[in-house]
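Residue strings, one per chain:
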Amino acid sequence: MTNEEEPIVQYQDVNKIYRGGNVAVEHINLTIDRGDFVCLIGTSGSGKTTTMRMINRMLEPTGGTILFKGKDIHQQDPVALRRRIGYVIQNVGLMPHMTLYENITLVPKLLKWPEAKRRAKAEELIKMVELPESFLDRYPAELSGGQQQRIGVIRALAANQDLILMDEPFGALDPITRESLQELVKHLQQELGKTVVFVTHDMDEALKLATKIVVMDAGHIIQTATPTALLQHPATAFVRELIGEERLIQARADVTTVGAIMLKNPVAITPGKSLHEAIQLMRDRRVDTLLVVDDNNYLKGFIDIESLTRQYAQSTAVSDIMQTKLFYVHESALLRDSVDRILKRGLKYVPVVDAENKLKGIVTRSALVDMVYDTIWGENADHDETEAGPDHQPQAGGERHG
Ligand SMILES: Nc1ncnc2c1ncn2[C@@H]1O[C@H](COP(=O)(O)OP(=O)(O)OP(=O)(O)O)[C@@H](O)[C@H]1O
Ligand SMILES: [Mg+2]
């Protein structure tokens, strides 16, 4: 019995050095757990295919050890090993002289499954990729490239192998077909609990599919991380470059909270203060609105200079003219989710509160606009929607707080 907890593949300081000293890969240390979707990504010649092919002994390492389900693959018969591991290659690799049925059931046949069991498996699989059963009697040439690749994918699942290797399986496909096959593979992997090792050049593909991304350069693993961790902490300049500035910036908006960019210590006043004091404070701090908080710093409302001047004669306290309807955001809210709402309201700033509704800071429109256009979406982004430009002057607290 195999131990379900143990890694499905373990590389222990694996090298592949060709005669003449050409280093294909060196010091490969990698653990692939059950249910992982590992994407190997890197420039051409970085050693992705080499790393993958050593798993099923299509290539023999020149140093180190690879364990498959805890056992050294060197101690295992290569042919038997290969039948235990599914493999999808670029440009499909279907046998042209065999029907789809024969192609799909190639390995099950080698494993001597009875005919009825093979037939049932093929029918089950072709349904999963939404192709008609009648296709089983067709030849590969009678299918489109995308349809052939679907067959390539299910062929790798036919013998119930729990580890599937895929070397740039969708490289040659158009973006739409590619996307639908990515969904299919991800779905099958999750649904059937498979472990997948997938080579790609495409960072979007890796970010979308992987549970673990392995970045390779010049025969070495540079970084192994989840997609989120890779985006948040690229280990080297090479990784940053591979990810691309645009994706890194996008990722920042996905994780940056309102609290992280807010200005702390906003100008605020308590409801019991006189209007005279309010005017004084506005003048001192050069702001035209004041947030109103109670003694415990709970946000209550705001007052602005217009209503203050209008009602100065009739009223005495801040509470008399305070407006209680105000838009605010929580400090833990993601910038990504709040930016639009803040900008669309056309407010000069919005107060930021904690979970208890206590005032923590403000986010000014000008700070947001800077942040959004210069940092998050790049300098070429469209400014029209918010009508805010570089010469926009915030009328409220923004200036002083900034
Ligand atoms: N039979 C061989 N003899 C000598 N060197 C080889 C041999 N096969 C591969 N290499 C070298 O090993 C290195 C890694 O090759 P590999 O095919 O693993 O790269 P890759 O990352 O898959 O590249 P690509 O993205 O182009 O498929 C390359 O420098 C390659 O030239
Ligand atoms: Mg390759």
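What counts, and at which threshold
- Residues numbered from 1 in each chain as written.
- Chains lettered and ligands numbered in written order.
- Predicted model: local features only at pLDDT ≥ 70, side-chain atom pairs only at ≥ 80, totals over all residues.
- Near = placed C-beta within 6 Å.
- Helix = DSSP H or I, 4+ residues; strand = E, 2+ residues; numbered from the N terminus.
- Nonpolar A, V, L, I, M, F, W, Y, C, P; charged D, E, K, R; others polar.
- Pairing = 2+ DSSP bridges.
- Axes fitted to C-alpha atoms, helices over the stretch in contact; angles between N-to-C directions.
- Buried ≥ 20, exposed ≤ 12 C-beta atoms within 10 Å, placed from the backbone.
- Contact = placed C-beta atoms within 7 Å.
- Parallel < 35°, antiparallel > 145°, perpendicular 65-115°, else oblique.
- Left-handed = near helix turned anticlockwise from the far one by under 90°.

Novice: Give me the lowdown on the site of ligand 1, citing residues and values where you can.
Specialist: Near ligand 1 you find Y18, N22, A24, G42, S44, G45, S46, G47, K48, T49 and T50, and these make up its full shell. Top element by residues in the shell around ligand 1 is helix 1 (residues 48–53). It accounts for three residues. Partitioning the shell around ligand 1 into residue classes produces two nonpolar, eight polar and one charged.

Novice: Describe the sheet that holds strand 6 (residues 85–88), naming the residues involved and giving the relevant values.
Specialist: With mixed pairing, the six strands of this open sheet are ordered in space as 6-7-8-3-9-10. The two strands at the open ends of the sheet, each matched to only one other strand, are strand 6 and strand 10 (220–225). Taking the axes of each pair of neighbouring strands and ignoring which way they run, one obtains an average angle of 15° across the sheet.

Novice: A description of the pairing of strand 16 (residues 349–353) should follow, citing residues and the corresponding values.
Specialist: Judged by how many residues are buried, strand 16 sits mostly within the fold: five of five residues are covered. Burial along strand 16 is two-sided: the residues Y349, P351 and V353 and V350 and V352 are all buried. Inspection of the sheet shows strand 15 (residues 329–330) paired to strand 16 by two bridges, in the parallel sense. Along strand 16, the bridge assignment pairs V329 with V352. With five bridges connecting them, strand 16 and strand 17 (residues 359–364) associate as antiparallel partners. Residue pairing for strand 17: V353 is matched across the bridge by L359.

Novice: Tell me about the pairing of strand 14 (residues 299–304), and name the residues and values.
Specialist: Note that strand 13 (residues 289–293) and strand 14 share five bridges and pair antiparallel. By the bridge assignment, V293 is partnered in strand 14 with L299. Linkage of strand 13 to strand 14, two consecutive antiparallel strands, is achieved through a turn of five residues, within which N297 is found at a positive phi near 75°.

Novice: Got a sec to walk through the sheet that holds strand 12 (residues 268–269)? Specific residues and values, please.
Specialist: By definition, the strands of a sheet pair up through backbone hydrogen bonds, in either a parallel or an antiparallel sense. If you trace the three strands from one edge of the open sheet to the other, you get 12-13-14, paired in mixed fashion. The two strands at the open ends of the sheet, each matched to only one other strand, are strand 12 and strand 14. Of the pairings in the sheet, the one linking strand 12 to strand 13 comprises two bridges and is parallel in character. If you follow A268 over to strand 13, its bridge partner there is L291. Across the sheet, helix 13 (residues 275–285) touches strand 12, strand 13 and strand 14, and the angle it forms with strand 13 is around 125°.

Novice: Quick one: what's the story with the packing of helix 6 (residues 145–155) against helix 7 (residues 175–192), residue by residue and with numbers?
Specialist: In contact at an axis separation of 10 Å, helix 6 and helix 7 are set at 15° when each is read in the N-to-C sense. Taken together, the axes of helix 6 and helix 7 lie roughly parallel to each other. By crossing handedness, the relation of helix 6 to helix 7 is classed as right-handed. Residues G146, Q149, R150 and V153 of helix 6 form the contact with helix 7, whose participating residues are T177, L181, L184 and V185. Across the contact of helix 6 with helix 7, the residue classes break down as four nonpolar, three polar and one charged.

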